[in-house]
Amino acid sequence: MAKLLYRLQRFLRRTQLFLLFLGVAYIMAGSVLLLQRANLVVTHRGATSPPLSSLPSLPSPPRALGMPPVRVGGYGGRSTQIMARGQGYKPGSPLDDRTGTRWLMSRNLEIRHLRRRWFHSLMTEKDMSQVERSTPRRNVPQKGSYMGCFLDNSKERALKGSVSTDFHKMTSTMCQDTCSARLNCTESVYLECTHSGYQFAGLEYGSECYCGNHITSLRVRDEECNLDCKGEKGSPCGGVGRLSVFTVEDVLPGQRRYRNVRYRGCFREPEISSSTSLVHVLQPNLTSQSCIEACINKEFPLAMLRSLDCFCGYATPDFTLHEPAEEEQCSQSNTTEASLPSTLQRFYQVYQTPVQDSRCTERKFLPEKSSSLVALSSFPGAGNTWVRHLIELATGYYTGSYYFDGTLYNRGFKGEKDYWKSGRTICVKTHESGRREIEMYDSVILLIRNPYRSLMAEFNRKCAGHLGYATDQHWKTKEWPEFVGSYASWWASHVLDWLRFGRRVLVVHFEELQTALVPRLRSITSFLNATVTEDRLLCAESNQDGHFKRSGARRPTFDPFTHDMRGLIDGLIRAVDQALRDSNHTGLPLEYLPR
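Conventions and cut-offs
- Residues numbered from 1 in each chain as written.
- Predicted model: local features only at pLDDT ≥ 70, side-chain atom pairs only at ≥ 80, totals over all residues.
- Heavy atoms only, no water.
- UniProt positions renumbered as here; feature names shortened; annotations may be inferred.
- Phe/Tyr/Trp six-rings, centres within 6.5 Å; stacked < 30°, edge-to-face > 60°.
- Helix = DSSP H or I, 4+ residues; strand = E, 2+ residues; numbered from the N terminus.
- Buried < 20%, exposed > 50% of the residue type's maximum accessible area, 1.4 Å probe, protein only.
- Lys NZ or Arg CZ within 6 Å of the ring centre and 35° of its normal.
- Pairing = 2+ DSSP bridges.
- Contact = heavy atoms within 4.5 Å.
- Axes fitted to C-alpha atoms, helices over the stretch in contact; angles between N-to-C directions.

In the annotation of an unreviewed UniProt entry, the entry for the protein chain reads WSC domain containing 1, and the organism field reads Salmo trutta. UniProt's Sequence similarities (unreviewed entry) comment on the protein chain is quoted here verbatim: "Belongs to the WSCD family."

Trainee: Report on the packing of aromatic side chains, specifying residues and quantitative values.
Mentor: For the coordinates displayed, the defined rule picks out 25 aromatic pairs. Both rings, one in Phe379 and one in Tyr487, keep their centres 6.0 Å apart while their planes meet at 80 degrees; by these two values the pair is edge-to-face. With Phe379 in the loop between β14 (374–378) and α9 (384–395) and Tyr487 in helix α14 (residues 479–501), this residue pair connects regions lying 108 residues apart in the sequence. Exposure remark for Tyr487: the relative accessible area of 1% places this residue in the buried category. Their ring planes at 20 degrees and their centres at 4.2 Å tell us that Phe483 and Tyr487 sit as a pair that is stacked. In this pair, Phe483 and Tyr487 both sit in helix α14, four residues apart, roughly one turn of the helix. With respect to burial, Phe483 and Tyr487 carry one shared label: buried. One aromatic cluster is present, formed by Phe379, Tyr452, Phe459, Trp475, Trp480, Phe483, Tyr487, Trp490 and Phe561 through successive ring pairs. If you follow Arg424 out to its NZ or CZ, it ends over the ring of Phe365, 3.9 Å from the centre. Over the face of the ring belonging to Phe510 we find Arg449, whose NZ or CZ atom lies 4.2 Å from the ring centre.

Trainee: Describe the sheet that holds strand β1 (residues 146–151), naming the residues involved and giving the relevant values.
Mentor: In spatial order, the strands read β2-β4-β3-β8-β1-β5; together these six strands make up an open sheet with antiparallel pairing. Of all the strands in the sheet, the pair left with one neighbour each is β2 (163–165) and β5 (219–220). Each of β2, β3 (200–204), β4 (208–212) and β8 (242–247) touches helix α5 (residues 172–180); the most contacted strand, β3, lies at about 135 degrees to it.

Below is the structure:
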């Protein structure tokens, strides 16, 4: 009897353990199922909402320690104090021991933490691609006529005109409007409706837009263009190495009005003209307009006129467009060639067409991870994005960023999403200026711009985005003087900190880069240890505007800088100028401050 009871007890214990195990397994299975469903919902929401472009803009710098609140008209005392510190600055001197110098400490701790939270909360590209594959394709009406799916590769493009990218909003209509430049009609009341003259628009990888007048590759099966547009699910946007091509609204020759056509000047014909003037166009009743149209149709960035002759080509080391001749030379050679000496017949009137020079548009990550971390550091509004664009064109490699700006990523800066310490980008954008942040880099390209223009550019960005302008009402609010009081001192502390703690520093002045782009760009690429051809530098010069150049130079109708503001800023300019000279660098350009 006792033995039977013992067996019964052991059976019940085993049954309890078995039931407990089944219960735990059931709960775990249910939890996993719920988590999968929740993840799917989050993923779908991420695919339909704009997580990248809706990120908040760069926040204001944290107020310096011990710095009183800014008041209108209260700049005078601080300006004198800053001037005294700047004039006494020596490399390696104990700045932190001076009275009131705590304001020179980094103001970017808040920015750093904010950007890190954004970075780790972003959905990966792999997740996005999974959602796209699971989204059923639907028929979306197209604006233009669909030509078909064509082969495309980086070495031989199917369409060789301009290129644009939007990793978040690209649609077939947007691409067609970009190729015809009809977007200019609505971007600003200050812009006129103009046309680039491209006949075809092609989409690839769901986000890249190519324009051209000739399709130079073979057509393949339409099924091979199997990627949807990022901004329009169900609409074909090419594939991997495949281009979905549409026709663009036709505009009759002679009725087109082109954007970005500019006269470069009168130039002597190069000794080896065949290396530059690749196409000779013969037309009756030749005009500058008809020559420009002919070169656009043939997809060349330069149109060159000499009397009754029209030539199309590129800028080359033999024809750099850096040494213009007197206009009289072209005027004489364009009269009657037969009555002129041969020396007067060798001058061109050169026009820059809207066609993008395709010799430097391809970019990629570094083939091998770099062990040296190079910063591209500047105060906000100093042109960091523009310089990144130039570096990518000149070197062919992506630049990275300490932060993450969804707008920049969506417009083609693929290195924006890469981890800044990955070593896959040629340099890393940063606005940080604390000692700890500076010493993380092995070298730095320190970009400096006139503080008056930097402050206005950053205020425009805060009020109206990368391409917009603040209104007169913005400049008249109390936010503007508070902005100047906080950001102006940050402009100075940023430069002084990098001069003090930076290991290897190349100082680049924004204004000098504008006036002498190729020589300055050559020094930047040399600093980066990048091998760059002269053709690629000239190509970067031809495509220098990029996607983030504000149109025109719209300014408020009144001077936004008060007398007290100017006193503060001028003192900062003197302090930074003296610090640069003490560090064996060239001082600030003369235009910063009358001397």
